[in-house]
Amino acid sequence: MTQRDRAVALLLLASLNAFGFIDRVVVALVAEKIKAEFLVSDFQIGLLGGTAFAVVNALASVPVARMAENYRRSTISAGFLLIGSAFTAFMALTVNFTQLLAARLGMAVGSAATEAPPHSMISDMYPPEKRASAISIFMLGVPVASLLGSFLGGAIAENYDWRSTFLFFGVAGGIISLLCFLFLKEPARATVAEESGPTVKPSAWQVFSGMMGSSTIRFLLVGVTCISLGSFGVNTFLPAFFSRSYALDAGQAGLVFGTISGVASLVGTLLGGFASEYFARRDQRWLLGFPALGSVLGAPLFVIGLMSGHLAIAIPVMLVGSFFFYTAMGPAIATLHGNLDSWSRATGSAIFLLIVHLVGQGVGPPLVGTVSDTASSMIYGGNFAALCAGAAGQVPGSACAAASAGGLQMAIATFAGFFALGGLALYLAARARHRAEAAA
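Treat the numbers as computed from the prediction; the structure is a model and nothing was measured. (Residues numbered from 1 in each chain as written. Predicted model: local features only at pLDDT ≥ 70, side-chain atom pairs only at ≥ 80, totals over all residues. Heavy atoms only, no water.)

1. Section: the overall build of the protein
Inference 1: Looking only at helices and strands, the protein features 21 helices and 0 strands.
Inference 2: Principal-axis analysis of the C-alpha atoms places the extent of the protein at approximately 70 × 45 × 35 Å.
Inference 3: The 440 residues of the protein split such that 59% are buried.
Inference 4: A separation threshold of at least 6 residues defines the contact pool for the protein, and within that pool the share at least 24 residues apart is 83%.
Inference 5: When the accessible surface of the protein is split by element, carbon and sulfur atoms take 70% of a total near 16600 Å².
Inference 6: Considering the protein, the positive charge centre built from 24 side chains and the negative charge centre built from 20 side chains are found 6 Å apart. (Helix = DSSP H or I, 4+ residues; strand = E, 2+ residues; numbered from the N terminus. Buried < 20%, exposed > 50% of the residue type's maximum accessible area, 1.4 Å probe, protein only. Contact = heavy atoms within 4.5 Å. Areas by Shrake-Rupley, 256 points an atom, 1.4 Å probe, with all protein chains shown as cover. Lys, Arg positive; Asp, Glu negative; His and termini not counted. Charge placed at Lys NZ, Arg CZ, Asp CG, Glu CD.)

Now the structure itself:
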């Protein structure tokens, strides 16, 4: 591939990743409106935004990755995004929670090819010393999705309705998938096996066994999973937190959420890729040590902003704390792919992300919702579930609204602690990697 081919491919892959991420978080942008219309609890919103998506997405990711090891990764990624975008648009046609849940499962299948196959492509496009920064550029699709998606999604929901938000993102994702079909080139697979004899394609079990045989990868997996648990648990309810605590409408809450998560992930993703590579030139431990330090420092800052009670304080302090939560993925995937070849990287990424997303997105949002419902009921002191369901819990100044806001604040603060735990595990991964290289 020429330099221009790589640039176009990286742009298209980042765009594809952006819509895969939007499919993951779009429920958070309209959660309060869905809750009011269908009279559902925070636990059900967590189920819709997290578990229902994550379980199906995780289970589909490994078979999709196996397809990517044998066929054109670019075609598979574009095709599955088209499927996911169609189901995103179908969300606009639902008339009850069951239909919404069913369409959400289709979105999950479609998003199964927006991470692992592109990871494999990028590792074939760039040498090992440039992979962390290249993957971080690919991951810029996430902050762009957070910024534009939150601004547009919240504004569309407020000025039209929540169904229009799903319809808009479904059509836009379909356009990106068609552009990928037309212009995304497939890089040649580079593998050591080609130099020494016939290419050997390991099975999914062999890839998994090799990964689990490395203490570095085990600690890395624990660290990124903890960060994912905190991230999906917190972000699924962050727009609702600003609506409940500061009486912001859907558009305003989307703007604040996009500012925090979008700007933080934009800066953090770039910082994680380029700063980690820079410091790793002097000491390889910094490739994972940099995001480890950031996660430990960022968690208390985020909680301080969350508990401040003043919007002017909450936004900048939570923003600074959030910078460090997005630094890990580029260095993590670069470290993982350093232990795999071109015929196993898509599968390795899929297995890695299966565990990360299954725990992070599958468990995080419903657990935060459960803690929020429980804490809100304790604050209210009565039959909160019955008396404060749906729109009744959103009346400004009411006891229901106050209890709902306080309970959600406590739940988010609790799960922010997982960022610090993730940082500790990343430090242990960096240390394990250094010891393994010293013993080799």
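Moving on from the model shown.
2. What about the pattern of salt bridges?
Inference 1: Tallied over the entire structure, the rule returns 11 salt bridges.
Inference 2: A salt bridge links Asp42 to Lys35, with the nearest nitrogen and oxygen atoms 2.9 Å apart.
Inference 3: According to the relative accessible area criterion, Asp42 is buried, its value standing at 3%.
Inference 4: Look at Lys35 and you get buried, because its relative accessible area is 9%.
Inference 5: Among the ionic contacts, a cluster of salt bridges with common partners joins Glu32, Lys35, Asp42 and Arg244. (Salt bridge = Lys/Arg side-chain N within 4 Å of Asp/Glu carboxyl O.)

3. Here's the deal with the nonpolar core
Inference 1: Ranked by size, the top nonpolar core spans 113 residues in total, and within it Ile34, Leu220, Leu238, Phe242, Phe352 and Ile412 carry the most contacts.
Inference 2: Looking at this core, the element that brings in the most residues is helix 1 (residues 3-29), giving 13 residues.
Inference 3: Residues within four places of Phe352 in sequence aside, it is in contact with Met211, Leu220, Leu221, Val224, Ile333 and Leu336. (Core = buried A, V, L, I, M, F, W, Y, C linked by side-chain atoms within 4.5 Å.)

4. Some remarks on helix 12 (residues 215-235)
Inference 1: Under the 1.5 Å per step criterion, the end-to-end length of helix 12 is 30 Å for 21 residues, consistent within 8% with the ideal 30 Å.
Inference 2: Counting buried positions over the 21 residues of helix 12 gives 17, a clear majority of the element. (Expected span 1.5 Å × (residues − 1).)

5. A closer look at helix 9 (residues 162-183)
Inference 1: For helix 9, built from 22 residues, the straight-helix expectation of 32 Å at 1.5 Å per residue is met to within 8% by its first-to-last C-alpha distance of 32 Å.
Inference 2: For helix 9, the set of buried residues is Trp162, Arg163, Thr165, Phe166, Phe169, Gly170, Ala172, Gly173, Gly174, Ile176, Ser177 and Cys180.
Inference 3: Taken together, the buried residues of helix 9 touch helix 1, helix 2 (31-38), helix 4 (73-90), helix 5 (97-110) and helix 8 (141-159).
Inference 4: Near the N-terminus of helix 9, the side chain that reaches the backbone nitrogen of Arg163, with its oxygen 3.1 Å away, is that of Asp161. (Polar contact = N/O pair within 3.5 Å; in protein donor to acceptor, adjacent residues only side chain to side chain.)

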